Amino acid sequence: MASGGDGGGRGLLRMVLIVAVIAAAAGGVWWLDPVGLSADQSLRDALVRRGRIAVHGDGGLLGLDAEGASLLSPSQVPQVAAALAAERPADLLAAMRAVDVDAVLVEAQAGAAEGTLAGRFASYGAVDGFRGLHLSPRAALYAPDPAAELSETHRAALARVARGLLRGARPPRITSFPEPLRRLRPVEVMVLIRQGPRPRLWRSARGNSIARALNTAAVVARKRWFERQQAMGGPIDELLPRMKIEVALLADDGTIGSVEPAFVDRVFGETHGVAYERKGAWRYLLPDATRAEGKGRASVAYRKLLSDDGLPPDRLGSRELRLYRLLVDTIAVSEPEPPPRDGLSPVGSPDEVLGGADAGAAERAAAKPPREGRPREAAPDDGLSEVRSPDEVLAP
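All figures in this text were calculated on a predicted structure; none of them were measured in a lab.

Here we take up the environment of Thr216. With respect to the secondary-structure elements, Thr216 resides in helix α8 (residues 210-227). According to the relative accessible area criterion, Thr216 is partly exposed, its value standing at 37%.

Written as structure tokens, this is what we have:
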């Protein structure tokens, strides 16, 4: 009996020792990696081939190892560290260019001070001149926004070419666009037609350059208007002169590294829309729709988006989905044509000009655009050519 008791005691002791060793090992790992970064493989993946990355904050971030990435401490890039502790995005961009830093990795902090750039990154904020790359509960990875380099001349050309394509002009050759617009990079461009404050129609397209995506989005938007012409209130060629045209980048502002509802709600601001990519296709809600559908909660908006696309709302954590924040960055605007200087209504509405439906047929015929749909435009004041020839618009 005693012998049996001793054997049981030794077995229990061995079990206790094994548990103690495991706990000690786990405790050692926790001590070396206090925020559990070794478990966040998605963050490691996001660092792959990102080049030189300035790290801000503690938490073992410098211990991350990723192919094609060099993590730099504040002492190695003091200019960048100083700019992160200040408030001006332009100063941070200049400091990063000066020391060839490609991105910043900032430790996430609940309630981080918004007064500094580091604080805004740490709280997953939107920062002018930067785009989020990856947002995890442990850290936020940001890089300079490629669209920030577009000049006013480039933006003006985009606006006029978009209006021309909506009027039916042939798409310009990609080689006609300035280099920043044809530079190879994955982008999504939206062309939006707005009447007053109200959006009437928009279409977006992905492409390997801003130029290619713009051509596709504008052509598809014109086709869609024709398909719904009666519901849209008439031919696009007659109404377009009184519409504002906006060209925007639907920018990816950071892959979401956790699908916990509280975290999802935390990283989305008022300027963001919910979006996901699945098997090469992408779905999104624009920021206004995200706020309306989610009633202030991005996680709720995501469930609505999944449901609308025929997916179970509980699929948010599926490995085949990549969740990301959508940011609408308007990069060019073509304003409506100014009304005639004689004080009359736009010539495209003769009945309004003459005050009734009995206006003469001659006046209506004179005001009606040609069948091919080229209403006259005021001469551009930006020195660019008529949109009728987009290649001329883009020529240097």
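Here the narrative resumes, following the displayed structure.
This brings us to the nonpolar core. In this structure, Val80, Leu92, Val104, Phe121, Ile256 and Tyr302 are the most contacted members of the largest nonpolar core, which totals 42 residues. The element that contributes the greatest number of residues to this core is helix α13 (residues 298-308), accounting for five residues. The residues contacting Tyr302, other than those within four sequence positions of it, are Ile256, Val264, Phe268, Val274, Ala275, Tyr276, Leu316, Leu323 and Tyr324. Counting residues in each nonpolar core, the second largest holds 34 residues, with Ala205, Ala218, Leu239 and Ala332 among its members.

So, about the environment of Pro241. With respect to the element layout, Pro241 can be found in the loop between α10 (236-239) and β8 (244-256). The class of Pro241 is buried, set by a relative accessible area of 11%. A sequence separation of 74 residues divides Pro241 from Arg167, and the C-alpha atoms of the two residues are 9.4 Å apart.

To continue, consider the packing of helix α6 (residues 152-166) against α8. At a minimum axis separation of 8 Å, α6 and α8 run at an interaxial angle of 35 degrees. Pair α6 / α8 crosses with right-handed handedness. On the side of α6, the interface is formed by Leu158, Val161, Ala162, Leu165 and Leu166, while α8 contributes Ile210, Leu214, Asn215, Ala218, Ala221 and Arg222. Across the contact of α6 with α8, the residue classes break down as nine nonpolar, one polar and one charged.

Considered for burial, the residues of helix α12 (residues 287-294) that qualify are Pro287, Thr290 and Gly294. End-on view of α12: buried residues confined to an arc of 55 degrees, all on one side of the axis. Relative to its buried face, α12 has exposed residues pointing more than 90 degrees away, namely Asp288 and Ala292. As for α12, its buried residues are in contact with β9 (272-278), α13 and β11 (321-334).

For the protein, the mean per-residue pLDDT works out to 80, and 74% of the residues sit at or above 70. The low-confidence segment residues 1-6 (pLDDT under 50) makes zero contacts with residues lying over four places distant or belonging to another chain. Low confidence marks residues 16-39, where pLDDT is under 50. Its contacts with residues over four positions away, or in another chain, come to 13 contacts.

Moving on, we get to α8. For an α-helix, the turn length of 3.6 residues means that residues three or four places apart are oriented alike. Between its first and last C-alpha atoms α8 spans 26 Å; for 18 residues at 1.5 Å apiece the expected length is 26 Å, and the two agree. Within α8, burial applies to Ile210, Ala211, Ala213, Leu214, Asn215, Ala217, Ala218, Ala221, Arg222 and Trp225.

Burial analysis of strand β4 (residues 130-135) places five of its six residues in the buried class, which makes it a mostly covered element. Summarising the sheet, β4 and strand β5 (residues 139-144) pair through five bridges and their orientation is antiparallel. What sits directly across from Arg131, in β5, is Ala143. Taking the residues between adjacent antiparallel strands as the criterion, β4 and β5 are bridged by three residues. Direction of pairing for β4 relative to β8: parallel, over a ladder of two bridges. By the bridge assignment, Leu135 is partnered in β8 with Ile256.

What follows is about the packing of aromatic side chains. Scanning the model with the defined rule gives four aromatic pairs in all. An angle of 40 degrees between the planes, with centres 4.4 Å apart, marks the rings of Phe121 and Tyr142 as tilted. One end of the pair, Phe121, is in helix α5 (residues 117-122); the other, Tyr142, is in strand β5, with 21 residues separating them in the sequence. By relative accessible area, Phe121 is classed as buried at 0%. Judged by relative accessible area, Tyr142 falls into the buried class, the value being 0%. Taken together, Phe121, Phe130 and Tyr142 form an aromatic cluster joined through their ring pairs. One Lys or Arg, Arg206, reaches over the ring of Trp282 and ends 4.2 Å from the middle of that ring.

Calculation criteria
Residues numbered from 1 in each chain as written. Predicted model: local features only at pLDDT ≥ 70, side-chain atom pairs only at ≥ 80, totals over all residues. Heavy atoms only, no water. Helix = DSSP H or I, 4+ residues; strand = E, 2+ residues; numbered from the N terminus. Buried < 20%, exposed > 50% of the residue type's maximum accessible area, 1.4 Å probe, protein only. Core = buried A, V, L, I, M, F, W, Y, C linked by side-chain atoms within 4.5 Å. Contact = heavy atoms within 4.5 Å. Axes fitted to C-alpha atoms, helices over the stretch in contact; angles between N-to-C directions. Left-handed = near helix turned anticlockwise from the far one by under 90°. Nonpolar A, V, L, I, M, F, W, Y, C, P; charged D, E, K, R; others polar. Arc of directions from axis to C-beta. pLDDT = per-residue confidence, 0-100. Expected span 1.5 Å × (residues − 1). Pairing = 2+ DSSP bridges. Phe/Tyr/Trp six-rings, centres within 6.5 Å; stacked < 30°, edge-to-face > 60°. Lys NZ or Arg CZ within 6 Å of the ring centre and 35° of its normal.

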